[in-house]
Protein chains: 4
Amino acid sequence: MTTFGGVSGAHLKQFIERVERLEEDKANLANDIREVFAEAKANGFDTKIMRQVLKIRKMDHQERSEQEEILTLYLHALGMVPQENFSEKTENEVA
Amino acid sequence: MTTFGGVSGAHLKQFIERVERLEEDKANLANDIREVFAEAKANGFDTKIMRQVLKIRKMDHQERSEQEEILTLYLHALGMVPQENFSEKTENEVA
Amino acid sequence: MTTFGGVSGAHLKQFIERVERLEEDKANLANDIREVFAEAKANGFDTKIMRQVLKIRKMDHQERSEQEEILTLYLHALGMVPQENFSEKTENEVA
Amino acid sequence: MTTFGGVSGAHLKQFIERVERLEEDKANLANDIREVFAEAKANGFDTKIMRQVLKIRKMDHQERSEQEEILTLYLHALGMVPQENFSEKTENEVA
DNA sequence: AACGTTGAAATAGTTC
DNA sequence: GAACTATTTCAACGTT
């Protein structure tokens, strides 16, 4: 295997090509998304408003995640280990 | 189906959720790419150089596309209709 | 000088107006460019082709910059400090 | 002068180069603007708010009253009491 | 003149 | 927290 300054060209090439394949997939998905917007527009929806809706829904999810994160911090601060399934497991007690 | 001001909520919801699913897939791919870089880095590769290599390879591809695009434009400008398969079909003549 | 909450209104105003002046110049240049295209069109040139030519020329320049950039990265990666004047100094050797 | 299909290469080249020069100037101005923002930032100003201010000043005639409310909010956020005439009167002091 | 397409600008996110 | 990169957004251009 060819190496330059301790660097393997073949190995590097593999990483490069893996990234390129993933980025191609990613670009295809971006296209798919664009097509959904186009279809929605053809059905009379306002894409600008749709994007706003998506943004708000995303923030809701993030907010929920953040709140869960904060809850975890609080529980840790209280010496309580957060449970995986809060509702199902009730037999665990904090010492 | 519920409508508000002539807008179908159910229909809109479907578009929104399709986009959200696609964006989730896209985000996952972005994660995969990040992981590849992390793995490469753990193997001693310089990610900055990797990104530069990727950039140049991408530009090469784009440049090729642009060259083909302008060839088409030139042919049109010269009154020649570009052929689907330039090399295979030779029976078409330009007036 | 009037300040509010440690913020100088007059100072802010100066920055705002400097930006506005520069943006005005920029808008004027955009107009000039539009006029050149209009003039070229009036002389029978296809603006689409012109834009494509400009695009390719721009990519060429960028590609050259990217090439130089990655050369620098490679040299650094190999422990070689890139020289200011690549062509003039050839007496430096890498151990 | 060389012509292809009635197209003058030299003439075209002149148009192309005029556009390139103008675009270079435009790019330089964009850089200057970026530098002004950087300088303002280094002086403790919030560039995001500055951009908002610029946007609102640009709108001027249209939807002025609506935007003034937002401007008021931003200025308040800065701890500044909004002025009646921002640009013309600089001698006014806030009690 | 509205539409889609494309290029530039701004913002958000990531890395060091 | 500063710089760089990626994504998103905005505006202009050509097209129908």
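In case you missed it, the structure is sitting above this.
Okay, so let's go over this structure. Only a predicted model underlies this, so the values are computations on that prediction, with no experimental measurement involved.

1. With respect to the relation of the copies chain B and chain C
Argument step 1. Expressed as a screw transformation, the operator carrying chain B onto chain C has a rotation angle of 180° and an axial translation of 0.2 Å, and the superposed copies differ by an RMSD of 0.1 Å. Expressed as a symmetry operation, the mapping of one chain copy onto the other fits a two-fold axis. Identified as the residue of chain B closest to the rotation axis by C-alpha distance is Met59(B), at 3.9 Å.
Argument step 2. In this assembly, 100% of the residues forming the interface of chain B have copies in chain C that are likewise at the interface, indicating an isologous arrangement.

2. Quick word on the protein's contact with DNA strand F
Argument step 1. What surrounds DNA strand F is the set Lys26(A), Arg51(A), Lys55(A), Lys26(B), Arg51(B), Arg34(C), Thr47(C), Lys48(C) and Arg51(C).
Argument step 2. Close to the protein, within 4 Å, the atoms of DNA strand F belong to sugar or phosphate groups at a rate of 100%.
Argument step 3. A distance of 3.5 Å is found between a phosphate oxygen of DNA strand F and a side-chain nitrogen or oxygen belonging to Lys26(B).
Argument step 4. A distance of 3.0 Å separates a sugar or linking oxygen of DNA strand F from a polar atom in the side chain of Arg51(C).
Argument step 5. Put simply, the parts of the chain that give the surface near DNA strand F at least two residues each are helix 2 (47–77) of chain A together with helix 2 (47–77) of chain C.
Argument step 6. For the surface near DNA strand F, the leading source of residues is helix 2 of chain C, giving 3 residues.
Argument step 7. The class makeup of the residues in the surface near DNA strand F is no nonpolar, 1 polar and 8 charged.

3. Comments concerning the side chain of Glu66(B)
Argument step 1. Within the element layout of this structure, Glu66(B) appears in helix 2 (residues 47–77).
Argument step 2. What Glu66(B) contacts, discounting residues up to four positions off in sequence, is Gln52(C), Lys55(C), Ile56(C) and Met59(C).

4. Considering the packing of helix 1 (residues 9–42) of chain C against helix 1 (residues 9–42) of chain D
Argument step 1. Direction vectors running N to C along helix 1 of chain C and helix 1 of chain D enclose 165°, while the axes themselves pass 9 Å from each other. Relative to helix 1 of chain D, helix 1 of chain C is oriented roughly antiparallel. Helix 1 of chain C and helix 1 of chain D meet at a crossing whose hand is left-handed.
Argument step 2. Of the residues assigned to the contact of helix 1 of chain C with helix 1 of chain D, the class counts are 18 nonpolar, no polar and 12 charged.

5. Remarks on the nonpolar core
Argument step 1. Within the largest apolar cluster, 33 residues are counted, with the highest numbers of intra-cluster contacts made by Met50(C) and Met50(D).
Argument step 2. When contributions to this core are tallied by element, the ones reaching two or more residues are helix 2 of chain B, helix 1 and helix 2 of chain C together with helix 1 and helix 2 (47–59) of chain D.
Argument step 3. Residues in contact with Met50(C), not counting those within four places in the same chain, are Phe37(C), Ala40(C), Phe45(C), Leu12(D), Phe15(D) and Ile16(D).
Argument step 4. Core analysis: the next-biggest nonpolar cluster, separate from the first, contains 30 residues, Phe15(A), Ile16(B), Val19(B) and Ile49(B) among them.

6. Observations concerning the protein's contact with DNA strand E
Argument step 1. Contacts to DNA strand E come from Lys41(A), Arg34(B), Lys41(B), Thr47(B), Lys26(C), Lys55(C), Lys58(C), Lys48(D) and Arg51(D).
Argument step 2. Counting only atoms of DNA strand E within 4 Å of the protein, the sugar-phosphate share comes to 100%.
Argument step 3. Interatomic distance of 2.7 Å between a side-chain N/O atom of Lys41(B) and a phosphate oxygen of DNA strand E.
Argument step 4. The contact in question runs from a phosphate oxygen of DNA strand E to an N or O atom on the side chain of Arg51(D), over 3.3 Å.
Argument step 5. Elements supplying a minimum of two residues to the surface near DNA strand E: helix 1 (9–42) of chain B, helix 2 of chain C together with helix 2 of chain D.
Argument step 6. Tallied by class, residues from the surface near DNA strand E come to no nonpolar, 1 polar and 8 charged.

7. Topic: the packing of aromatic side chains
Argument step 1. Evaluation of the coordinates by the stated rule reveals 4 aromatic pairs over all chains.
Argument step 2. Each ring, one from Phe15(C) and one from Phe45(D), has its centre 5.7 Å from the other, and the planes form 70°; the classification is edge-to-face. In this pair, Phe15(C) is assigned in helix 1 and Phe45(D) in the loop between helix 1 and helix 2, connecting two distinct chains.
Argument step 3. For Phe15(C), a relative accessible area of 3% gives the class buried.
Argument step 4. Assessed through its relative accessible area of 9%, Phe45(D) is described here as buried.
Argument step 5. For the cation-ring pair, Arg51(D) lies above Phe37(D), with the distance from its terminal atom to the ring centre recorded as 4.0 Å.

Cut-off values and rules
Residues numbered from 1 in each chain as written. Chains lettered and ligands numbered in written order. Predicted model: local features only at pLDDT ≥ 70, side-chain atom pairs only at ≥ 80, totals over all residues. Heavy atoms only, no water. Least-squares fit on C-alpha atoms with pLDDT ≥ 70 in both. Contact = heavy atoms within 4.5 Å. Near = heavy atom within 4 Å. Polar contact = N/O pair within 3.5 Å; in protein donor to acceptor, adjacent residues only side chain to side chain. Helix = DSSP H or I, 4+ residues; strand = E, 2+ residues; numbered from the N terminus. Nonpolar A, V, L, I, M, F, W, Y, C, P; charged D, E, K, R; others polar. Axes fitted to C-alpha atoms, helices over the stretch in contact; angles between N-to-C directions. Parallel < 35°, antiparallel > 145°, perpendicular 65-115°, else oblique. Left-handed = near helix turned anticlockwise from the far one by under 90°. Core = buried A, V, L, I, M, F, W, Y, C linked by side-chain atoms within 4.5 Å. Buried < 20%, exposed > 50% of the residue type's maximum accessible area, 1.4 Å probe, protein only. Phe/Tyr/Trp six-rings, centres within 6.5 Å; stacked < 30°, edge-to-face > 60°. Lys NZ or Arg CZ within 6 Å of the ring centre and 35° of its normal.

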